[in-house]
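Residues per chain are reported as follows:
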Amino acid sequence: MGPPGAGKGTQAEVVASRLGIAAISTGDIFRRHADLGSELGRQAQGYMDAGDYVPDEVTNAMVRERLGEDDARPGFLLDGYPRTTAQVDELDGMLCDLGSPLDAVVLLEVDGEELIDRLLKRARTENRTDDTESVIRRRQEVFAEQTEPLVDVYERRGLLVRVDGEGDVDEVLARVLAALPERAGNGR
Ligand code: ADP
């Protein structure tokens, strides 16, 4: 977990590959579908471009399907999901059906001004349609309203691991891996 620009996608890819598990990014799946022009992509595009969340029913159904694929069987790292309390409830049900509870929830913490800077920089290099300044601000608001409350939910469950997300990619990666050893079966 972490606000837009915290580095979730960057870290998720490397951490998952180090742990030998699948990285599942809802944002990437939506963008792929949007590029393909699939029905799901058409549904998601407008919300993404406005900086709003795609409706829970659409997102939940997509994640349920993805978690059922073979490569998710040894384990998985969810990037960008859950983001709402309704998604937490739905995920609890999915994990119960799979018999595979969460080991840890990593929160990447980064200062607000640094976040905007990173996203504006990414806008210049990656050409994402949701990286304009007004949409970036909207995404921060939506995160604060809908996703920040999830920090408490997972903290109460004893799953939350806070990681300082400032500094370069390798430094943050080292912190994430160091914070995970037992919970995620790191080094098993
Ligand atoms: P960021 O974390 O930088 O906001 P993502 O690539 O994770 O970027 O997500 C981009 C967009 O995809 C979000 O703004 C939202 O519209 C949509 N999205 C991704 N994950 C979810 C989710 N779990 N629920 C609803 N919408 C989502």
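Rules of the game
- Residues numbered from 1 in each chain as written.
- Predicted model: local features only at pLDDT ≥ 70, side-chain atom pairs only at ≥ 80, totals over all residues.
- Heavy atoms only, no water.
- Salt bridge = Lys/Arg side-chain N within 4 Å of Asp/Glu carboxyl O.
- Helix = DSSP H or I, 4+ residues; strand = E, 2+ residues; numbered from the N terminus.
- Buried < 20%, exposed > 50% of the residue type's maximum accessible area, 1.4 Å probe, protein only.
- Near = heavy atom within 4 Å.
- Polar contact = N/O pair within 3.5 Å; in protein donor to acceptor, adjacent residues only side chain to side chain.
- Areas by Shrake-Rupley, 256 points an atom, 1.4 Å probe, with all protein chains shown as cover.
- Nonpolar A, V, L, I, M, F, W, Y, C, P; charged D, E, K, R; others polar.

### Topic: the pattern of salt bridges
Part 1 of the reasoning: Scanning the entire structure with this criterion turns up 21 salt bridges.
Part 2 of the reasoning: Put simply, Glu 109 and Arg 162 hold a salt bridge, and the shortest N to O gap is 2.8 Å. Here Glu 109, found in strand 3 (residues 105-109), pairs with Arg 162, found in strand 4 (residues 160-164); they are 53 residues apart in sequence, far enough to count as distant.
Part 3 of the reasoning: With its nearest N and O atoms 3.9 Å apart, the salt bridge here joins Asp 130 to Arg 139.
Part 4 of the reasoning: Accessibility expressed as a relative area gives 10% for Arg 139, which makes it buried.

### Points about the site of the ligand
Part 1 of the reasoning: Taken together, 19 residues sit near the ligand, with Thr 26, Asp 52, Gly 80, Arg 83 and Arg 139 positioned nearest.
Part 2 of the reasoning: Contacts to the ligand include Thr 26, whose side-chain N or O atom sits 2.7 Å from a nitrogen atom.
Part 3 of the reasoning: Between the ligand and the protein, one listed contact pairs a nitrogen atom with a side-chain N or O atom of Gln 87 at 2.9 Å.
Part 4 of the reasoning: Compared with its free state, where it exposes 550 Å², the ligand has 97% of that area covered by protein.
Part 5 of the reasoning: Tallying contributions element by element places helix 2 (residues 26-36) first for the shell around the ligand, with 4 residues.
Part 6 of the reasoning: A breakdown of the residues in the shell around the ligand according to their chemical character gives 6 nonpolar, 5 polar and 8 charged.

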